[in-house]
Amino acid sequence: MHAIVKDEMLFKGVIFYLDSDLPLEARCLLEDFRLAVNNAIRAGLQARVTSRNALCKIAYKEFREQHPRMYAKHLVSAFEVAGGILKNYRKRVRKGITGEIPFARRLMMKAENQAYKLDRKSGVIDLPIRAGCHVELKLVVSQYHRKYLDDTCLSFGSLTILPDRVIVAFRKEAPKPYEPDSVISLDTNERSLDGVFVGGDVAKVIKAEFPEVAVIQQRHHDRRRRLQKKKAHDRRTSKSLCRREGAREHHRIDYRLHQVADSVLKFAEERKSAIVLEDLKGMRTKSSKELNRRLSIWPRRKLHQIIEYKAQWKGIPVVKVDPRNSSRTCPICGRIENSRMGTEFKCECGWHLDRHINASINLLQTAISKGMAGGLWFNPGAFQHDVMMILYEPAMAARSEPNGTSGIAEMT
Ligand SMILES: [Zn+2]
């Protein structure tokens, strides 16, 4: 069980496209920035340091000599980016994944919040290049973007500049979660969230389905395998193809998980509900390789992460409880059944219910017994003959492209 930390800064990255081509000076700045990042990476690898300050100490002077006019704050932020890349590389090495030496390929730069100005009204960024030289970047501002620009509770964090777009990190202090009037309890499964909603004298069975996530995982897994076989003689090609496959898979699954999370949060916000989830931390995957991949837990962990972060942004309380035995306990008599098989939970006392819904009722009871769901009371029997409410199903997926948000930009 864990409580959400208060007084935390929350970030949301919002993508803005540029109204016109990147000015030449800015493009050169991006190239210089990449050069600075790669120099710092090389220096950091040699000196075995990863922190921004340490990199600054060893690499600043030399790069300064080569680029005497680059705005100092941009240079420092290049060391920060290099530090991040080096830390990731370290982590991989520690895990025994030996890859090629890290290198910043993409043309990009990051500017800290004091190193640029964004006019909320006009959507124009004033970016200093070097002493006496600034460029203006005009952003395309839609209604969606207005929502963020006009919200004065949001301040600007770092700015990421790419050749055709920028990502502005909006930040705010985590709002205090509201006092819930109702509660949603959800059991997280491979293809769906299944659970119950309880508020006042209303009790409903709810469901959000995402069967495509498992399908996408399966399809990409098969394709990766084929690629590996076909390119067995060429490890480098095979590796890079697999990496590309992985990124695409990730992106497509991510997009769906965000939609599922949004539907749950919309439902919760409209009814002032608290959300009860199982704590997936201790959950282990099966040892068999095949099963391990099929039941891969990361989409579920990721879904929780998205729900929790977005809930925090909106001030929706989220409670996480230990899921031990939740799938085989009878909520009426408390008996623990041995078997986990079958789609229906059946107890000797006569209670029977869809296994996933049953699990969510147990999660809710745990939350209530720990005093984490207010003074709520409910009768599990109410769910036995109820009609299901669908919060999300594949048919609801928008066919358009993602709406220009990267969702969780930075986790703090
Ligand atoms: Zn029972």
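First things first, this report covers the structure right here in the doc. (Residues numbered from 1 in each chain as written. Predicted model: local features only at pLDDT ≥ 70, side-chain atom pairs only at ≥ 80, totals over all residues. Heavy atoms only, no water.)

## Regarding helix α9 (residues 355-369)
Point 1. Counted at 1.5 Å a residue, the expected span for α9 with its 15 residues is 21 Å, and the 21 Å between its end C-alpha atoms agrees.
Point 2. Counting buried positions over the 15 residues of α9 gives 11, a clear majority of the element.
Point 3. For α9, the N-terminal capping position is held by Asp354, with its side-chain oxygen 2.9 Å away from the main-chain nitrogen of His356.
Point 4. Following α9 by one or two positions, Gly371 has its phi on the positive side, about 70°. (Helix = DSSP H or I, 4+ residues; strand = E, 2+ residues; numbered from the N terminus. Expected span 1.5 Å × (residues − 1). Buried < 20%, exposed > 50% of the residue type's maximum accessible area, 1.4 Å probe, protein only. Polar contact = N/O pair within 3.5 Å; in protein donor to acceptor, adjacent residues only side chain to side chain.)

## Quick word on the packing of helix α2 (residues 52-66) against helix α3 (residues 72-94)
Point 1. Contact geometry for α2 and α3: axes closest at 9 Å, N-to-C directions at 130°. On the basis of the axis angle, α2 is oblique to α3. Once α2 is placed against α3, the crossing between them reads as right-handed. Together, Arg52, Leu55, Cys56, Ala59, Tyr60, Phe63 and Arg64 of α2 and Ala72, Leu75, Val76, Phe79, Glu80, Ala82, Gly83 and Leu86 of α3 make up the contact between the two elements.
Point 2. When its residues are assigned to classes, the contact of α2 with α3 shows 11 nonpolar, 1 polar and 3 charged. (Axes fitted to C-alpha atoms, helices over the stretch in contact; angles between N-to-C directions. Parallel < 35°, antiparallel > 145°, perpendicular 65-115°, else oblique. Left-handed = near helix turned anticlockwise from the far one by under 90°. Contact = heavy atoms within 4.5 Å. Nonpolar A, V, L, I, M, F, W, Y, C, P; charged D, E, K, R; others polar.)

## Points about the pattern of salt bridges
Point 1. Under the defined criterion, the tally for this structure stands at 13 salt bridges.
Point 2. A salt bridge links Glu212 to Arg256, with the shortest nitrogen-to-oxygen separation between them at 3.2 Å. Residue Glu212 is located in helix α5 (residues 211-230), and its partner Arg256 is located in helix α6 (residues 235-270); the two are separated by 44 residues in the primary sequence. For the pair Glu212 and Arg256, one class covers both residues: buried.
Point 3. Notably, a salt bridge pairs Lys320 with Glu308, separated by 3.0 Å at the nearest N-O pair. Pair noted here: Lys320 is in strand β12 (residues 318-321) and Glu308 is in helix α8 (residues 298-314), with a separation of 12 residues, a long-range link. Summarising the burial analysis for this pair, Lys320 and Glu308 share the class buried.
Point 4. Where salt bridges share partners, they join Lys266, Glu270 and Arg271 into one cluster. (Salt bridge = Lys/Arg side-chain N within 4 Å of Asp/Glu carboxyl O.)

## A short note on the environment of Leu118
Point 1. Among the structural elements, Leu118 can be located in strand β3 (residues 117-119).
Point 2. By relative accessible area, which is 10% here, Leu118 ends up buried.
Point 3. With 21 residues separating them along the chain, Leu118 and Leu139 place their C-alpha atoms 9.8 Å apart.
Point 4. Residue contacts for Leu118: discarding those within four places in its chain leaves Gly123, Val124, Ile125, Leu139, Leu149, Phe156 and Val168.

## Digging into unusual backbone geometry
Point 1. Phi at Arg48 is positive, roughly 60°, even though this residue is not glycine.
Point 2. Structurally, Arg48 is set in the loop between α1 (24-47) and α2.
Point 3. In this structure Arg48 comes out as exposed when scored by relative accessible area, which is 67%.

## Some points on the sheet that holds strand β9 (residues 192-199)
Point 1. One open sheet accounts for 6 strands, arranged β12-β11-β8-β9-β10-β15; its pairing is mixed. Two strands in the sheet have a free side with no partner beyond their single neighbour: β12 and β15 (388-392). Taking each pair of neighbouring strands and ignoring which way they run, the sheet shows an average axis angle of 25°.
Point 2. Where strand β11 (residues 273-278) meets β12, 4 bridges bridge the pair, whose relative direction is parallel. Paired with Leu277 across the two strands is Lys320, which belongs to β12. (Pairing = 2+ DSSP bridges.)

## Concerning a positive patch on the surface
Point 1. A surface patch of positive charge is lined by Arg48, Arg90, Lys91, Arg94 and Lys95.
Point 2. You can see Arg90 is positioned in helix α3.
Point 3. A residue is classified by how much of its surface remains accessible, and Arg90, at 33% relative accessible area, is partly exposed. (Patch = residues over 30% accessible without salt bridge, like charges linked within 9 Å, V, L, I, M, F, W, Y side chains within 5 Å. Areas by Shrake-Rupley, 256 points an atom, 1.4 Å probe, with all protein chains shown as cover. Lys, Arg positive; Asp, Glu negative; His and termini not counted. Charge placed at Lys NZ, Arg CZ, Asp CG, Glu CD.)

## Some words on the pairing of β9
Point 1. Of all the 8 residues making up β9, 8 are buried; the element is thus mostly covered by neighbouring parts of the structure.
Point 2. Both strand β8 (residues 182-188) and β9 contribute to a ladder of 7 bridges, which runs antiparallel. Within β9, the residue paired with Ile184 across the bridge is Phe197.
Point 3. Connecting the antiparallel pair β8 and β9 is a turn made up of 3 residues.
Point 4. As paired strands, β9 and strand β10 (residues 202-209) are joined by 8 bridges and run antiparallel to one another. What sits directly across from Ser192, in β10, is Glu209.
Point 5. With antiparallel pairing between neighbouring strands as the criterion, β9 and β10 make up a hairpin whose turn holds 2 residues, including Gly200 at a positive phi of roughly 60°.

## Thoughts on the side chain of Asn189
Point 1. Note on placement: Asn189 falls in the loop between β8 and β9.
Point 2. At 3.2 Å, the side chain of Asn189 and the side chain of Asp187 are in polar contact.
Point 3. Beyond its immediate stretch of four places on either side in the chain, Asn189 contacts Asp194, Phe210, Arg300 and His356.

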